Amino acid sequence: MSIPSLTSLITPALSSRIAEIREQLSTTSQEAVTGRHSDITEHLDGQVGKAMLSHKMVEGITLQRQTFALRETRLDITQASLEQIQTATTALGAQMQAAIGRDDIPSLELAGRDAEAALEQIFSALNVRHGDRYLFAGDATSTPPLASSEVMLDEIRIIAQTSPDSATYGAALDTYFNDPTGGWQTTIYSGTATSSDPDAVVAIDPAITELISGLATLALTKPGENIALFDLDSPALQRSAISLSSGETALVNLRGDRGVNQEQIALSTAALDKEELIFTSLFNALTAKDQYEAATELKDLEASLEASYLLTSRLSNLSLLNYLR
């Protein structure tokens with residue numbers, strides 16, 4: 001009868017213990033890094049539902065915050081464009097009225113050049129986008145909303161040249177900018193009339209079109225135009241100056257409305273921060289693992305594993321006879 005070696009008697013149990021320690025090491029390492037129990041269900045016992053509800057609420061808050069951040073970014077870009085428009089048109093109406101009041105043709109022509117430059121800036125500002133989304137195109141977000149300002153001026157110039165008087169010109173200009181079948185919405189603007197995004201501003205908003213209408217007439221007084229309808233006593237010019245001043249006021253109100261939306265987003269985000277703090281604290285209280293405690297356990301397990309490996313190494317060359325000696 002052969003005597004079994006000590007290694008054959010002890011090694012299976014020792015190997016099993018080593019595997020167990022390694023599994024515990026993996027679990028404890030994860031807990032030390034995450035600060036949470038690896039098996040939350042076992043740890044919580046009957047409070048799993050409460051913990052999962054808290055976690056779900058935190059995830060929902062994260063999604064809401066992402067939505068608010070997206071809205072905030074788009075509003076910031078929209079406001080920047082509207083500010084650019086406001087800056088480009090500031091005082092042009094007053095400058096135009098002063099030139100008319102003084103019968104100052106050179107000043108009027110200078111204002112006309114400024115108006116043409118302002119139109120180019122406005123069209124550029126209204127064609128702004130966030131990512132692949134054009135912000136002033138309504139729901140047609142994949143398409144630039146406006147053609148060039150030169151195309152529009154060409155059309156307004158024809159209207160002015162073919163109108164026999166200021167009244168006819170004024171009626172034609174109203175149709176051009178405000179009628180869905182007019183040139184503004186059929187030739188120049190390629191977006192939708194409305195937007196499903198409540199924060200969005202469409203390029204055919206009355207505040208914007210009123211400004212552009214006034215600027216278009218003023219731009220046609222620049223040197224070289226020589227349109228007979230636009231002499232210094234022309235009611236068409238007076239009306240243009242009024243449109244510019246009125247449009248500036250409407251633009252300020254439009255920016256104010258979007259500012260209210262921005263403030264509401266900021267308040268909603270602050271409220272989400274408080275909710276997130278509450279639900280995160282609750283979830284942590286239920287699932288957290290003390291990281292100092294986990295680190296201590298990890299150190300003990302590493303020591304045990306090292307000792308087990310050392311013992312295995314020594315047993316590999318130890319016979320039962322040597323052990324009994």
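Computed from a predicted model, the values in this text were never measured in an experiment.

K.L.:
What should I look at first to understand the overall build of the protein chain in this one?
P.N.:
Secondary structure assignment for the protein chain yields twelve helices and two strands. Secondary structure elements of the protein chain occur, N-terminal to C-terminal, as α-α-α-α-α-β-β-α-α-α-α-α-α-α. In the protein chain, which comprises 325 residues, the share counted as buried stands at 37%. Taking as baseline every contact in the protein chain between residues at least 6 positions apart, the subset at least 24 positions apart corresponds to 77%.

K.L.:
Looking at this structure, how should I read unusual backbone geometry?
P.N.:
Trans is the prevailing form of peptide bonds, just as negative phi is the prevailing case for residues other than glycine. With a phi angle near 55°, Asn226 is a residue other than glycine that sits in the positive phi range. Counting through the fold element by element, Asn226 comes out in the loop between α9 (206-219) and α10 (235-287). What makes Asn226 exposed here is its relative accessible area of 73%.

K.L.:
Explanation requested: α9 in the structure shown.
P.N.:
Think of an α-helix as turning once every 3.6 residues; residues three or four places apart then point the same way. Helix length check: α9 (14 residues) gives 20 Å between terminal C-alpha atoms against 20 Å at 1.5 Å per residue, within 8%. Buried residues dominate α9, accounting for twelve of its 14 residues. For α9, every residue scored as buried is listed here: Ala207, Ile208, Thr209, Leu211, Ile212, Ser213, Gly214, Leu215, Ala216, Thr217, Leu218 and Ala219. By the N-cap criterion, in which a side-chain oxygen at the helix start approaches the backbone nitrogen of a residue two or three places on, α9 is capped by Asp205, the distance to Ala207 being 2.9 Å.

K.L.:
What should I look at first to understand the packing of aromatic side chains in this one?
P.N.:
Within this structure, the stated rule accounts for four aromatic pairs. Relative to Phe177, the ring of Tyr176 lies with its centre 5.0 Å away and its plane at 75°, an arrangement referred to as edge-to-face. Of the two residues, Tyr176 and Phe177, both sit in the buried class. When the ring of Phe177 is compared with that of Trp184, the centres are 5.5 Å apart and the planes differ by 45°; the resulting orientation is tilted. Side by side, Phe177 and Trp184 carry an identical accessibility label, which is buried. Aromatic ring contacts, followed pair by pair, group Phe123, Tyr176, Phe177 and Trp184 into a single cluster.

K.L.:
Quick question: what am I supposed to make of the environment of Ile208 here?
P.N.:
As for its position among the elements, Ile208 is in helix α9. With a relative accessible area of 2%, Ile208 lands in the buried category. Sequence separation between Ile208 and Ile122 is 86 residues, and the spatial gap between their C-alpha atoms is 9.2 Å.

K.L.:
Looking at this structure, how should I read the nonpolar core?
P.N.:
Looking at soluble globular proteins, one finds that nonpolar side chains tend to be buried together. Of all hydrophobic cores here, the largest spans 54 residues; its most connected members are Leu126, Met152, Ile156, Tyr169, Trp184, Ile212 and Phe230. Taken together, the elements giving at least two residues each to this core come down to α3 (48-89), α4 (92-101), α5 (105-126), α6 (149-162), α7 (166-178), α8 (183-188), α9 and α10. Residue contributions to this core peak at nine residues, all from α5. Once residues lying within four places of it in the same chain are set aside, the contact partners of Leu126 are Ile85, Phe136, Pro145, Leu146, Ala203, Ile208 and Ile212. In this structure, Ile61, Phe68, Ile265 and Leu272 belong to the second largest nonpolar core, which totals five residues.

K.L.:
How should the packing of α7 against α9 be read in this particular structure?
P.N.:
Between two packed helices, the angle of one axis relative to the other and the distance separating the axes together describe the packing. The N-to-C vectors of α7 and α9 enclose an angle of 135°; their axes lie 11 Å apart at closest approach. Our classification of the angle between α7 and α9 gives oblique. Once α7 is placed against α9, the crossing between them reads as right-handed. Contacts between α7 and α9 involve Tyr169, Leu173, Phe177 and Asn178 on the former and, on the latter, Thr209, Ile212, Ser213 and Thr217.

K.L.:
Looking at this structure, how should I read the environment of Ala167?
P.N.:
Tracing the sequence through the fold places Ala167 in helix α7. Residue class for Ala167 comes out exposed when judged on its relative accessible area of 62%. Separated by 69 residues in sequence, Ala167 and Ala236 have C-alpha atoms that sit 7.7 Å apart.

K.L.:
Any chance you could explain α6 here in plain terms?
P.N.:
For α6, spanning 14 residues, the distance from its first C-alpha to its last is 20 Å, which sits close to the expected 20 Å at 1.5 Å a residue. Residues of α6 that are buried: Ser149, Met152, Leu153, Ile156, Arg157, Ile159 and Ala160. Taken down its axis, α6 places every buried residue within 160° of arc, on the same side. Residues of α6 that are exposed and point more than 90 degrees away from the buried face comprise Ile158, Gln161 and Thr162. Packing partners of the buried residues in α6 comprise α5, α7, α8 and α9.

The rules we used
- Residues numbered from 1 in each chain as written.
- Predicted model: local features only at pLDDT ≥ 70, side-chain atom pairs only at ≥ 80, totals over all residues.
- Heavy atoms only, no water.
- Helix = DSSP H or I, 4+ residues; strand = E, 2+ residues; numbered from the N terminus.
- Buried < 20%, exposed > 50% of the residue type's maximum accessible area, 1.4 Å probe, protein only.
- Contact = heavy atoms within 4.5 Å.
- Expected span 1.5 Å × (residues − 1).
- Polar contact = N/O pair within 3.5 Å; in protein donor to acceptor, adjacent residues only side chain to side chain.
- Phe/Tyr/Trp six-rings, centres within 6.5 Å; stacked < 30°, edge-to-face > 60°.
- Core = buried A, V, L, I, M, F, W, Y, C linked by side-chain atoms within 4.5 Å.
- Axes fitted to C-alpha atoms, helices over the stretch in contact; angles between N-to-C directions.
- Parallel < 35°, antiparallel > 145°, perpendicular 65-115°, else oblique.
- Left-handed = near helix turned anticlockwise from the far one by under 90°.
- Arc of directions from axis to C-beta.

By themselves, these are just geometric observations and shouldn't be taken as functional.
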